[in-house]
Amino acid sequence: MDKKKEAILKAAQALTENYKKEELFMPKNGRRLPDRAAVIDLVKDLRSVIFPGYFCADTAARIFPEQFSTYCLNEYYDRLKEQVEIAFLYAHQDMELQEAAELSENICADFFAKLPEVQQKLLKDVQAGFDGDPAAKSKEEIISSYPGVFAIYVYRLAHILYKSHVPHIPRIMTEYAHGKTGIDINPGAEIGEYFFIDHGTGVVIGETTEIGNNVKLYQGVTLGALSTRQGQQLANVKRHPTIRDNVTIYSNSSVLGGETVIGENSIIGGNTFITESVPADTKVSAKSPELVFKKPRSSVSKADIWDWDN
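Residues numbered from 1 in each chain as written. Predicted model: local features only at pLDDT ≥ 70, side-chain atom pairs only at ≥ 80, totals over all residues. Heavy atoms only, no water.

Re the packing of aromatic side chains
Move 1: Counted under the stated rule, the structure contains eight aromatic pairs.
Move 2: Taking 5.3 Å as the distance between ring centres and 35° as the angle between the ring planes, the aromatic pair formed by Tyr77 and Phe112 counts as tilted. Here Phe112 lies in helix α5 (residues 97-113) and Tyr77 lies in helix α4 (residues 65-91), a separation of 35 residues in the sequence. Across the pair, Phe112 and Tyr77 agree in class, each one buried. (Phe/Tyr/Trp six-rings, centres within 6.5 Å; stacked < 30°, edge-to-face > 60°. Helix = DSSP H or I, 4+ residues; strand = E, 2+ residues; numbered from the N terminus. Buried < 20%, exposed > 50% of the residue type's maximum accessible area, 1.4 Å probe, protein only.)

Right under this line is the structure:
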């Protein structure tokens, strides 16, 4: 027996034994998880009706907008319903097919009925981005290219399904946005209107975070929990902060804890670490470290000019 065949047969035998011992490796009762690729495709395609003219080259969107949106939504409805039904059947092994079908129908009807409201909120988010970013040349630029707007768009869709207790799918959606933008918004967070994330990379917004209206976050901001040592015992417990209206939080700041409240009209400076509440109308800043400037010694070469001594 050559080495290739021997290695493959040995690995296959060991893997098969692992499959038998660990239920995670095989679908339960023949049921399957939602199709991640199908969910992501739906997220991409829904942009064509939320922001017509940006993510679809079909001229019907301009010439026959009502017919175009009706045609698209009819298809997207069926695709979402299929994945929602699959998710419920997998998560609830005792659920019957008819019950899952009826539940999925109700959830999808609610989801699509709320799309116009989501669209209006996203337009306000785009306006917030334009009003708050002097580098923005137009609102069209923000819609088509800003990662913060994309992450918020995905969150607002996923949040509807999260509130309907749909398993798996909301997190698939937001983790797709996380991987694409570096912005991690849990679908359970409650976020108000006129919300903007500038630059965005490294932003984390935890599941039980509450954010009011007209809030702006910069890159590296964490709205997190003080501790997760108790693991699943903390499920459904308020463990992330509350951010009131008209708050700006600058880069690389962490606001932690379920009892931590940032009051209205406050500004949180960069590189701050906050674990207690901040009153309204407050500006918080970290004390700047002392900066030491040294001039390079004239006797060293340019290649070694910044090899610092103590």
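There's more to say after this.
Considerations on the nonpolar core
Move 1: Counting residues in hydrophobic clusters, the biggest one holds 72 residues, and the most contacted among them are Leu46 and Ile205.
Move 2: Ranked by the residues each element gives to this core, the list is headed by helix α8 (residues 147-163), at eleven residues.
Move 3: The residues touching Leu46, leaving out its near neighbours within four places in the chain, are Tyr76, Phe111, Phe112, Leu115, Tyr153 and Leu157. (Core = buried A, V, L, I, M, F, W, Y, C linked by side-chain atoms within 4.5 Å. Contact = heavy atoms within 4.5 Å.)

Here we look at unusual backbone geometry
Negative phi characterises most residues that are not glycine, and trans characterises most peptide bonds.
Move 1: With a phi close to 60°, Tyr194 is a non-glycine residue in the positive phi region.
Move 2: Within the fold, Tyr194 resides in the loop between β2 (190-191) and β3 (196-197).
Move 3: Unlike most non-glycine residues, Asn271 shows phi in positive territory, near 60°.
Move 4: Relative to the elements of secondary structure, Asn271 occurs in the loop between β12 (267-268) and β13 (273-274).

Focus on the environment of Asp131
Move 1: Among the structural elements, Asp131 can be located in helix α6 (residues 115-132).
Move 2: When the C-alpha positions of Asp131 and Asn29 are compared, they lie 53 Å apart, and in sequence the two are 102 residues distant.
Move 3: Within polar-contact distance, the side chain of Asp131 engages the side chain of Gln127 at 2.8 Å. (Polar contact = N/O pair within 3.5 Å; in protein donor to acceptor, adjacent residues only side chain to side chain.)

Looking at a nonpolar patch on the surface
Move 1: A cluster of nonpolar side chains, contributed by Leu15, Tyr19, Leu24, Phe25 and Met26, occupies part of the molecular surface with about 530 Å² of accessible area.
Move 2: For Phe25, the position within the fold is in the loop between α1 (3-21) and α2 (36-50).
Move 3: Classification of Phe25 by relative accessible area gives partly exposed; the value is 48%. (Patch = residues over 30% accessible without salt bridge, like charges linked within 9 Å, V, L, I, M, F, W, Y side chains within 5 Å. Areas by Shrake-Rupley, 256 points an atom, 1.4 Å probe, with all protein chains shown as cover. Salt bridge = Lys/Arg side-chain N within 4 Å of Asp/Glu carboxyl O.)

Description of the sheet that holds β12
Move 1: Strand order in the open sheet made by the five strands is β3-β6-β9-β12-β14, with parallel pairing throughout. This sheet does not close on itself; its edge strands, each paired only once, are β3 and β14 (283-284).
Move 2: Both β12 and β14 contribute to a ladder of two bridges, which runs parallel. When the sheet's bridge partners are listed, Ile268 is paired in β14 with Val284. (Pairing = 2+ DSSP bridges.)

Some remarks on the pattern of salt bridges
Move 1: Applying the stated criterion across every chain yields a total of eleven salt bridges.
Move 2: Between Glu117 and Lys121 there is a salt bridge, and its shortest N-O distance comes to 3.6 Å. On the criterion of helical spacing, the pair formed by Glu117 and Lys121 is a turn pair, its members being four residues apart in helix α6.
Move 3: A relative accessible area of 45% means that Glu117 is categorised as partly exposed.
Move 4: Between Arg239 and Glu207 there is a salt bridge whose closest N-O contact spans 2.6 Å. Here Arg239, found in the loop between β7 (222-224) and β8 (242-243), pairs with Glu207, found in the loop between β4 (204-205) and β5 (210-211); they are 32 residues apart in sequence, far enough to count as distant.
Move 5: What you see here is one network of salt bridges that share partners, running through Asp45, Glu75 and Arg79.

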